[in-house]
Structures are given as C-alpha cells and as structure tokens.
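One-letter residues, chain by chain:
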Amino acid sequence: MVEIVVCIKQVPQVSELPWDPKTGTLKRDLAEGMMNPACRAALEAALRVRETEGGTIMAITMGPPMAEEVLREAIALGADRGVLLTDRRMAGGDTLATSYTLARAIEKTSPGFDLILCGYSTSDSETAQVGPQLAEELSIPGAASVDGIAVAGRKVRMQRIADNYLETLEMPLPGLITVTTGSYTPRHVPLAGLQAAFSAVRIETFDADALGLDAERLGATGSATRILTVYSPTAKKENRVLTGTPKRIVEQLFAEFDDRIGGAISQDLKSSKERS
Amino acid sequence: MSKTKRSIWVFGDYRNYFQNRVTLQLLSRARELAGKIDAEVCGVVFGHWTEEWVDDALSQNPTFCGVAGEYIAHGADKVYLTDDPRLASYSVETYTHLMARLAGREKPEIILIGATTFGREFAPRVAKRLGTGLTADCIGLDINEEGLLVQTAPSFGGNLVAEIVTPERRPQMATVRPGIFQEISHDYDRRGEVLCVPMPEGIPADRIRLLSSEKCPPREGKLEDAKVVVCGGRGMGTKKKFAKLFELAELLGGEVGATRPVVYADWTERDALVGQAGKQVKPQILFSFGISGAIQHTAACTGAKFTIAVNKNPNATMMKLADVAVVADAGQLCSALIQELKRRIRRS
Ligand SMILES: Cc1cc2nc3c(=O)[nH]c(=O)nc-3n(C[C@H](O)[C@H](O)[C@H](O)COP(=O)(O)OP(=O)(O)OC[C@H]3O[C@@H](n4cnc5c(N)ncnc54)[C@H](O)[C@@H]3O)c2cc1C
Ligand SMILES: Nc1ncnc2c1ncn2[C@@H]1O[C@H](COP(=O)(O)O)[C@@H](O)[C@H]1O
C-alpha cells in the first residue's frame, strides 16, 4: 500500500495563448486552462504504481479557484482525493514560495505520505525547480527527470537518462520524484468518470490561514526573485525582409550573411563573382 | 577571515567534459560580468580524481593539472576543490550539502550552474537551502545599473522571455542553457589559485543510491546537436520538392527537420519532427522553408542563433520570428541556394 501525492499545476493552453506579440503582454486570465503535460505523466505513473502496489492517490494543486478543474480531471482519471490551495496571498510566488506552500499543505493533508510525484517541469514557467525544492523543504530524498518508477516494499527504483548516462537509482520512502513525459503516456479520461467527478466529489479547499502558513513566505511577498519585464523575443528581432527573384535573393543572402553561413559550416564562402 | 572580494562562482560540471562545455562558457561570461561589478571568478569542483579528468587536454601543460587547472586556463581566478572518494559519482544530496556549506561561508555574490540534467536538479536544492532565488535555464545574463544580475529566461516554450532579478537575497543564482555563451580559449599561462577544501565532517550519507550508470551511446542527437538545421514544412509542396532539402542540408553539413504535416504526409521520417511532439534544435543557423510557425513547432526552435525563413506569405508567424524573412517560393529558393552554394564551395 502506497500513499501517493501528485502535485498538479493548471497551465494556460499554449496554442491558444492570447498574447500580443508586439508588446509581449499575455492575457493570462483569458487563456483556457489545462493540466500541465508532465503533471499528467506524473499522475499516470501514480495510477500504475497503485495498480501493482495498492494504495491511495491524492492530487494537490495551488492556484486560482478555477484550478479545481484539474483536480476533478485527476479524480476522473482515478485519483481518490483532490486538494485545492487557493488564496490571493499565494499568487505570484516563485518556486521558493510555491515549494514552501505545497510542503506545509502536504504535511497537513497527507501526513503519512510515502511518495510524492511531480511533473518534471511546467509548460508555462518551465523552471523544473518546484519538485527538487519541495523535497528539500520536506527533507526527504528526491530524484528529478525520471522516466521509470518501480516501488518495492519501502524502496523505490528509478531509471532516467541524465547527461548521457542511463542511471538506475534507488531511494527509501518517503521520497519525491519528478516525472518526464517520456514514458508514461497518459490514459484518456473516461467520460462517465468525468461526469461523476464534476458532480459528486468534494474538493478539499484550503487557504493560508487554514494551513497555518506564514504570510511572509507566500506568493510574491515570499519570493526571492522579481520579474522586471516580460516580452516576446520576436519584438526584439531585427527581422530583415528580402524579396525579389530567387536568384537575386540568394545573391543578397550571401552578400550580407556569408560570414554567418560560412561560420556555421566552417567554410569560407566569401569570394564572389570571378569564374562560375 | 581574509578581507573578501566579491565573487562570482561557476559550478564545475565536468562529467561530460568534451561534449558539454557549458562550464567553460559560464567561466567566460562570468569574467565579463566580474568586470562590471569588480569581482573575482571562482570555479567550484567536487569530485574524485579530478586531476585526471581532462588529462589529454593538458598534456602540454606542466603547471596545472586536472579540472581545476583547466578552469583557471579558461578564466577562473580561483578554484575551490573538494576531492574525495565519496564524490566519485555525482550525487545530488552530498553535492548540495557541500555547495550550501561553502557558499554559506564564503558568501559569493552570484552562483552560475550549467542547465544540464544534473545542474537543473542540483541548483534548486542549493538555492532552497540558502533561501535564495534561482532562475532556470537562462539564455542571457547581464548586470544592470544597480549592480544586479539580470537573468533572461524563456517561458511558454520560448514565446515569452522574462528578465528576472534577485533584489535582496544572496547569492543570485541561475542555471544557464549550454551553447549560449562562447568559451574563451585556454591560456595555460594564466595563473590562479587552487584552494583545497577538505570534505567536511558530519555530511550525512546520500539517501539516493546509484545502482548503475552506463554511458549511453550519445543519443541519436544528430538533429538536436546539428550546427545547421534545414527545416521544411507543408509549403515545400510535394515529397519530391521536399527531397531537395536533403541536398541543401548535405551541402551545409546540416540535418533536415520537418513539421508535423510533413511527417504525416510521409515526406520524411518521423524522427525528423521538430517541435513539442518531436525534437528541440539549437543550431547556429536554422533555415525554415514553407513553415507557418505554429507554436508547437517554434517552441522547439528557440535555441537557434540565427533564423532564415522562406515563405510566400510575408505575414506568417515564422517570418516574424526570423532574423531574415525571405518572401519567395520555398522550392525555388531552395534550388537557387543549392546552386549558389555548389558554386562557392567548389571554389573555396
Ligand atoms: C498537441 C499538438 C502537438 C503538435 N506538435 C507539433 C510538433 O511537434 N511539430 C510540428 O511541426 N507541429 C506540431 N503540431 C502541429 C502544429 O500546430 C502545426 O499544425 C504545424 O507545425 C504546421 O506545419 P507547417 O508549418 O508545415 O504547415 P502550415 O501551417 O500549413 O504552413 C505552411 C506554410 O507554408 C507556406 N507556403 C505554402 N506554399 C508555399 C510555397 N510555395 N513557398 C513558400 N511557402 C509556402 C504557407 O504560407 C504557410 O505559412 C502540433 C499540434 C498539436 C495540436
Ligand atoms: N502551483 C502548483 N501546484 C501544484 N503543483 C505544482 C505547482 N507548481 C509546480 N508544481 C509541481 O512542480 C512541477 C514542476 O514545476 P515547475 O518548477 O514550475 O516547472 C509541476 O509539474 C508540478 O508537479
């Protein structure tokens, strides 16, 4: 029996991001939310561990009230419980603040946990930091970027590819693992399960006070980093436009960029006209 | 304690020394940054037999040896070195203890770590233990007027870029994507100091056991590691025209990538797919032929240093993302490029 916690984040659906490429501003509140792909893989890993070892799965997320959707989806996929951490004071946190919040909430809602699974990284902030920092905050062993998990008794074995090494690792439980999207292909949500999850199941909701959190360590206040600006890199490109016949364009390309092209292929492409 | 100068630290990630030069790239950038805040550059090396790691590279160098010497030759003023059998393989818990202790004592201003698999697991733990900020996978680093490290990091698959600072807490920490900065070539006459730091007492044994570790045949990383990538999309029109891209790629010593419709249409193999569902590329030059620039594709191209896009529609997203936007028929332009390249390469 393994008591598993899966940390899930709701992220904006990137393909439909309502952002303005000129100013690089993002209308996050207009974006459709979805379950972060790596979190989905983590949930799939949890479901497979439970299939062989038995146990329970609790899905937990920190986010705006609407993030409840990903918990219901997790329940429809087979999670037993859904825990939502939502509080204005938690907003805008960096990974230091997020890992603090998640750690205290997990201790409170699932004090006997054996295994915490996170996604390797999120598609919006892409830090891949919350998992390792959560392990640190809870003082439990952790391994990141794992492709395969096998629980045996009080130990878990893991496989991963790290910097060109295929590694097999083992650690005692309780422990934390961040899961890649590599080998856990998520199952589809059963429709009936989805309906049931949206109608019947209660989501357990907590704010900072209910968790007894230190407001100084939450959200933007508790963050060490500060974002100065966000922009779209395209807005900064020089973006030369070339038009004309293909032959003319190719001449122009070499006239202006032969160093670049030659540099990339380690050939001196300069000398132009003479002989052909 | 001696009166300390401000310092910028670079973690010595030497495991894949010859493949992955990110540490050297960071030393080089650290030197430039150090000039702006009057700091010294320090390498930090944990390992065992670190004198032997880069033996071949150092056969000409009688003075310094090993990883530490190599880092000095590449720009470090000082190297902290802990060499111990318990550090024979990378282990995140032990390394975190060591780094957090050393940084807690020496108080560097900045710590830079390569965004390797290990670096991206190790750095967050160190930052957490030091209670400081960390910016992930940076593609730019600079110092602003206030003397703060401005860390440029991509998000949303590179479609947005954020500039981040750590205003108050120290050290300021960042992991940095390989291939962003240019290493400075070695100078074995450079002098520096190697400070041997003994393994401290009372470091608990790692709870994570490495049962096995095999060097993988370098992933089939041809496309991922190619210096030149020629990517083609639906705008190439036909399988036959798409095939021209292979000729172009060969002339350029590059690899061919493709978008999803191309792979679905079976114009090329699936493993050429570039994008969210396929591979990431980071070439020095990316050629993009007849590609609209959907985010699922472009997210995997943000590492490209220079992009030349060809599309008959000047308003395609890919054209906006490119450094050079060529308004033309993709197939014709490809042929014209092949001709011109043949002419030039023959002559040179
Ligand atoms: C979950 C998901 C994952 C996905 N993953 C990937 C992925 O990993 N990789 C990927 O590539 N896609 C992926 N896609 C698909 C992606 O959204 C786009 O549909 C795809 O990238 C478009 O490919 P394209 O640019 O070749 O085709 P199109 O969008 O059809 O663009 C063709 C372009 O060619 C131009 N053109 C036409 N004729 C010519 C001509 N004669 N000369 C010059 N230009 C011409 C047109 O102006 C147009 O800009 C994914 C989609 C989803 C939903
Ligand atoms: N707000 C959050 N709520 C729950 N889990 C989170 C949250 N943010 C990050 N995580 C977990 O940490 C992983 C890595 O996130 P990141 O560090 O943002 O890339 C995610 O895949 C989640 O498992």
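Our structure's up above, just so we're on the same page.
Residues numbered from 1 in each chain as written. Chains lettered and ligands numbered in written order. Predicted model: local features only at pLDDT ≥ 70, side-chain atom pairs only at ≥ 80, totals over all residues. Heavy atoms only, no water.

### Comments concerning the site of ligand 1
Residues and elements named next belong to chain B. Just so we agree on the cut-off: Working definition: residue near molecule or strand if any one of its non-hydrogen atoms lies within 4 Å of it. Here a polar contact is recorded for every N or O atom pair within 3.5 Å, except that within protein the pair must consist of a potential hydrogen donor and a potential acceptor, and residues adjacent in sequence are included only if both atoms are side-chain atoms. In these tables, accessible area is a Shrake-Rupley quantity obtained with a 1.4 Å probe, and a residue counts as shielded only by the protein chains included in the view. Each helix is a run of DSSP H or I of at least 4 residues and each strand a run of E of at least 2, with the numbering of both proceeding from the N terminus. In this count, Pro and Cys sit with the nonpolar residues alongside Ala, Val, Leu, Ile, Met, Phe, Trp and Tyr, while Asp, Glu, Lys and Arg are called charged and the others, Gly among them, polar.
Residues in close proximity to ligand 1 total 25 residues, the closest being Arg234, Thr259, Ser292, Asn311 and Asp329. Lys312 places a main-chain nitrogen or oxygen 3.2 Å from a nitrogen atom of ligand 1. In isolation ligand 1 offers 990 Å² of accessible surface; the protein chains occlude 75% of this area. Mapped onto the shell around ligand 1, the elements with two or more residues apiece are α8 (260-264) and α9 (295-298). When the residues that make up the shell around ligand 1 are grouped by side-chain class, the tally is nine nonpolar, twelve polar and four charged.

### Looking at the sheet that holds strand β1 (residues 2-7) of chain A
Residue and element names in this part refer to chain A. To be explicit about the condition: We call two strands paired when DSSP finds no fewer than two bridges between them. Fitted lines through C-alpha atoms serve as axes, helices being fitted only where they are in contact, and the angles separating the N-to-C directions of these axes extend from 0 to 180 degrees. Throughout, a residue-residue contact means that at least one pair of heavy atoms, one from each residue, lies within 4.5 Å.
The seven strands are arranged β9-β13-β8-β1-β6-β7-β14 in an open sheet whose pairing can be described as parallel. Since the sheet does not close on itself, it has two edges, and those belong to β9 (142-146) and β14 (204-206), each with one partner. Across the sheet, the axes of successive neighbouring strands diverge by a mean angle of 20°, strand direction being ignored. Pairing analysis gives three bridges linking strand β7 (residues 81-85) to β14, with the strands arranged parallel. Note that in β14 the partner of Leu85 across the bridge is Phe206. Across the face of the sheet, helix α2 (residues 68-77) comes into contact with β6 (55-62) and β7 while running at roughly 170° to β7.

### Overview of unusual backbone geometry
Our working definition: A simple rule labels every residue: compare its accessible area, found with a 1.4 Å probe on the protein chains alone, to the largest value its type can have, and call it buried under 20%, exposed over 50%, or partly exposed in between.
Omega for the bond connecting Leu173 of chain A with Pro174 of chain A falls within 30 degrees of zero, at 0°, which places this linkage in the cis form. Within the secondary structure, Pro174 of chain A sits in the loop between β12 (165-172) and β13 (175-179). The linkage connecting Arg170 of chain B with the following residue, Pro171 of chain B, adopts the cis geometry, with an omega of -5°. Inspection of the secondary structure assignment puts Pro171 of chain B in the loop between β8 (160-165) and β9 (172-176). Of note in this structure, Asp163 of chain A is not a glycine but carries a positive phi near 45°. The topology assignment puts Asp163 of chain A in the loop between β11 (155-162) and β12. A relative accessible area of 13% means that Asp163 of chain A is categorised as buried. Located in the positive-phi region is Asp137 of chain B, a residue other than glycine, with phi close to 60°. Looking at where Asp137 of chain B falls in the secondary structure, it is placed in strand β5 (residues 134-138). The exposure class assigned to Asp137 of chain B is buried, which follows from its relative accessible area of 11%.

### Thoughts on the site of ligand 2
Residues and elements named next belong to chain A. Around ligand 2, the structure places 20 residues, and the nearest of them are Cys7, Met62, Thr122, Thr127 and Ala128. Residue Ser125 places a side-chain N or O atom 3.1 Å away from an oxygen atom belonging to ligand 2. In the model, an oxygen atom of ligand 2 is placed 2.5 Å from a nitrogen or oxygen of the Thr127 side chain. A total of 480 Å² of accessible area belongs to ligand 2 in isolation, and the protein chains cover 98% of it. For the shell around ligand 2, the elements supplying multiple residues, two or more each, are β6, α3 (95-109) and β8 (115-119). The element contributing the most residues to the shell around ligand 2 is β6, with three residues. Here the shell around ligand 2 is composed, by residue class, of ten nonpolar, nine polar and one charged.

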